[in-house]
Structures are given as C-alpha cells and as structure tokens.
Amino acid sequence: MTEKLEGIEKRYKELTLLLSDPDVISDREQWQKYAKEHSDYEEVMQLYGEYKKLISDIEGCEEIIKSGEDEELSQLAKADLEELKEKRGELETKIKKLLLPADPDDNKNVIIEIRAGAGGDEAGLFGAVLQRMYTRYAERMRWKCEQLSINETDLGGIKESVFMISGKGAFSMLKYESGVHRVQRVPQTESQGRIHTSTVTVAVLPEVKDVDVEINEKDLKIDYYRSSGAGGQHVNKTESAVRITHIPTGIVVECQNERSQIKNRESAMQVLKARLYDHYRSLQESEYAENRRMQVGTGDRSERIRTYNYPQGRVTDHRIGMTLYSLDAFLDGDIGEMIDALREADQTARLKNEN
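Below or above, wherever it landed, is the structure these notes cover. Remember, it's a predicted structure, so these values are computed and weren't measured experimentally. (Residues numbered from 1 in each chain as written. Predicted model: local features only at pLDDT ≥ 70, side-chain atom pairs only at ≥ 80, totals over all residues. Heavy atoms only, no water.)

### Some remarks on the layout of surface pockets
1) Next: Considering only enclosed or pocket space, the largest pocket measures out at about 1,300 Å³ in volume.
2) Next: Taken together, 35 residues make up the lining of the largest pocket; nearest its centre are D40, E43, L98, A102 and D106.
3) Next: Per-element accounting of the lining of the largest pocket gives the leading share, 11 residues, to helix α3 (residues 28-67).
4) Next: Here the residues of the lining of the largest pocket sort into 12 nonpolar, six polar and 17 charged. (1 Å grid on protein atoms, 1.4 Å probe; cavity = no way out; pocket = protein on both sides within 12 Å on 5 of 7 lines; lining within 4 Å. Points joined across faces, edges and corners; volume = space filled by probe spheres on them. Helix = DSSP H or I, 4+ residues; strand = E, 2+ residues; numbered from the N terminus. Nonpolar A, V, L, I, M, F, W, Y, C, P; charged D, E, K, R; others polar.)

### Details of the nonpolar core
A general tendency of soluble globular proteins is for nonpolar side chains to be buried together.
1) Next: In terms of nonpolar packing, the biggest core is built from 34 residues, with I112, I114, L130, Y134, I165, L174 and Y308 touching the most fellow members.
2) Next: Elements represented by at least two residues in this core include exactly β1 (110-116), α5 (121-140), β3 (158-166), α6 (170-174), β5 (196-206), β11 (322-324), α9 (327-331) and α10 (336-354).
3) Next: If you tally residues by element for this core, the top one is α5, at six residues.
4) Next: What I165 contacts, discounting residues up to four positions off in sequence, is N109, V110, I112, Y134, A138, W143, K144, C145, A170 and L174. (Core = buried A, V, L, I, M, F, W, Y, C linked by side-chain atoms within 4.5 Å. Buried < 20%, exposed > 50% of the residue type's maximum accessible area, 1.4 Å probe, protein only. Contact = heavy atoms within 4.5 Å.)

### Re the sheet that holds strand β7 (residues 241-246)
1) Next: Reading across the sheet, the three strands line up as β6-β7-β8 and stay open at both edges, with antiparallel pairing between neighbours. On the outer flanks of this sheet lie β6 (220-225) and β8 (251-255), each paired with one strand and no other. Ignoring which end each strand starts from, the neighbouring axes of this sheet average 15 degrees apart.
2) Next: Here β7 runs beside β8; their pairing, made up of five bridges, is antiparallel. What sits directly across from I244, in β8, is V253. (Pairing = 2+ DSSP bridges. Axes fitted to C-alpha atoms, helices over the stretch in contact; angles between N-to-C directions.)

### Examining the environment of V200
1) Next: Looking at where V200 falls in the secondary structure, it is placed in strand β5.
2) Next: Aside from chain neighbours lying at most four places away, what touches V200 is I114, R115, G117, A123, F126, G127, L130, G179, V180 and H181.

### A closer look at α5
1) Next: Taking 1.5 Å of rise per residue, 20 residues should cover 28 Å, and α5 covers 29 Å from first to last C-alpha, within 8% of that figure.
2) Next: Inspection of α5 places E122, A123, G124, L125, F126, G127, L130, Q131, M133, Y134, Y137 and A138 among the buried residues, and these make up the whole buried set.
3) Next: In the stretch just after α5, R142 is the one whose phi turns positive, near 60 degrees. (Expected span 1.5 Å × (residues − 1).)

### Regarding unusual backbone geometry
1) Next: One non-glycine residue, R142, lies in positive phi territory at about 60 degrees.
2) Next: Tracing the backbone through its elements, the reader meets R142 in the loop between α5 and β2 (144-152).
3) Next: Under the relative-accessibility criterion, R142 is labelled exposed at 80%.

### Re the packing of aromatic side chains
1) Next: Counted according to the given criterion, the structure contains three aromatic pairs.
2) Next: An aromatic cluster of three or more residues is present, and its members are F126, Y308 and F330.
3) Next: The aromatic ring of Y310 is capped on one face by R185, whose charged end is 5.0 Å from the ring centroid.
4) Next: Of note, R243 hangs over the ring of Y225, and the distance from its end group to the ring centre comes to 4.4 Å. (Phe/Tyr/Trp six-rings, centres within 6.5 Å; stacked < 30°, edge-to-face > 60°. Lys NZ or Arg CZ within 6 Å of the ring centre and 35° of its normal.)

Following this line, the structure appears as structure tokens:
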C-alpha cells in the first residue's frame, strides 16, 4: 500500500506543476485532462498526509516507551500508542478502499428501465412511484432527467418506462438499484383493505457513447408503427413509434414517447447501445453476469433486493439487511443514506476479495 501511495504522491506533485505550466494552461483540453486526474487523487493524498503524520506520532510514542527514562511519560505514551494504532487501522481501511480499482462506468450517465412485474395494475402504479423516487433523488443531486420511452397503463401506472439521468457520478450512485423491488400495501385498486404484494424490476445501465460499442446497420431490423397507450392526441394516428431488433443478440428496443419518428429512433438507438454494452460486458465478465442475473431476475415475488412496506412505514434492503422507518421521505427521493450504505458494503466486500 505504501509503495502505491508513494507513486500516487509523485504523480500528484507532477500534476500540480503541470497545471501551473503556461504551455499546459494554453492548451485547454490538456489542462482539463490534468485537472481531472489531479482532482481524482486529492482525497487519497489528504488521507495519505494524515497517515504519514500518524505513523510519525506512533514512532514518537514507541521511542519514548523504549527509552524508559520517564515512567510517567512512558505510561502516557502507552495510552496514546494504543489509540494511535486503532486510528491507523481505520485510516488504512479508508485508504485501501480508495485504492480499489474504479469501475470505468462510474462517471457515466445512467439509463434506468422500470418494468411492472407481478401484481397487475398495482405493479404498474408502484412502478410510477419508483420513477418519481429516482427523479426526485436526481433533483436533490442537481442531475438532469430525460424520458426516453414510456408505456403507461389506463390507471396512471407504467408497464415500462425508460429514462436517462445525466450528472457527475450518476452511475456510481444508482447502479445498486438494479433488481426486483417488492411493495406491500393496500392497492389503490382494492376496496376491501387487503394488503397485496407486487413487484417491479429496475435495470440501471451506463449510457454508452459511439466509441464504447459498435453497431452494424446490417444487424438491425427497424419497424415503424402507430403509438399505443393510455390516451394522448397523437396515439394511433401516425407511424411515429419505432421498434429496433438487434438480430445477433435478439435484443428488442421500442420507443414511442415522441411524436417525431426521428426522435424516437434516436432514443431507441441510445437505449439499444446501453443494452448491448451491458450484454457484451456481461459475457466477458462471468462474475458480473451472474450478479446481474441474480439482481434483475424475472420480476417474480421471491427474487427481491428491497421491500417497501406501507403499513409499517419501512423500507428494507435485503442485500445488506438495512431497514429505514422513513418510507414517505424515501419515496420522495431521500435515498442517499441507503445508497451510501450499499456503496460502503460493496467496497468492504471488494476489499475482502482483494485480501
């Protein structure tokens, strides 16, 4: 760890000098590249500074104890040494987590797909609740939301919704939301007050640029058809909806949110690229593929990552065993505490695997 930190410190100092170099300053693209790299190292360099001071303090205490010249001072040094060693352990863990290999997709925007699972109309209604939860969270983070495609139900729920959230670190924060979300509540469609269980599947994909995935036009089957859904003036009047099938993989994407056929085609291609990127990455990384299968599943009640229980006002994440009794605030987008806990658990697990 120390060797790696020394290498980072050397590079950090080089970058500090480069950022004040007139030749670099005059080249905006180069300066931005160095500035981002410099910024990426700031947190670990701050902790490394604290770590070096801590090591120095530990060595100072050990020297006092070893000398044995002053018994009272030695006793104080022994007490300090125990506390300093405990802090060292905590600081080493923090630094090791920062040194874990970063997910190359973490800084990308995200495409979120929400689909009603088991539970009929009630699942569709809760799907709309989840979409609002994510858009409200995005507002708190000052991220931008854009609807790419939506297929609504007559009751105001969603059969399927695809939308993009754009903002720094969006994928790093939201990638843990992939999976089956279970809701337990008295449905709006139920008059007898019985609690029903429904499920909604959520898939979180990193936005993909042209350089990330290559699509051969010959591999695509593109169909145009009339939009369908719960109302809307343009529904069933023009062939603006687009369905794109990627023949080699069988992946199908549909978009009918816009009145313009061109815009729907652009949105569909955007979603197709994200799905293909995720598909090929899954094939390359068997561990990731298995994780993906377990998270997203089929929408069955038994395959869940989180439960939203309305009668008890609680939300429970089953992966980390965390329960919050603030369901209303959570569904209003206050999901930061849960996301932080999931990220911490993921880092801890990865650190254990590294060791």
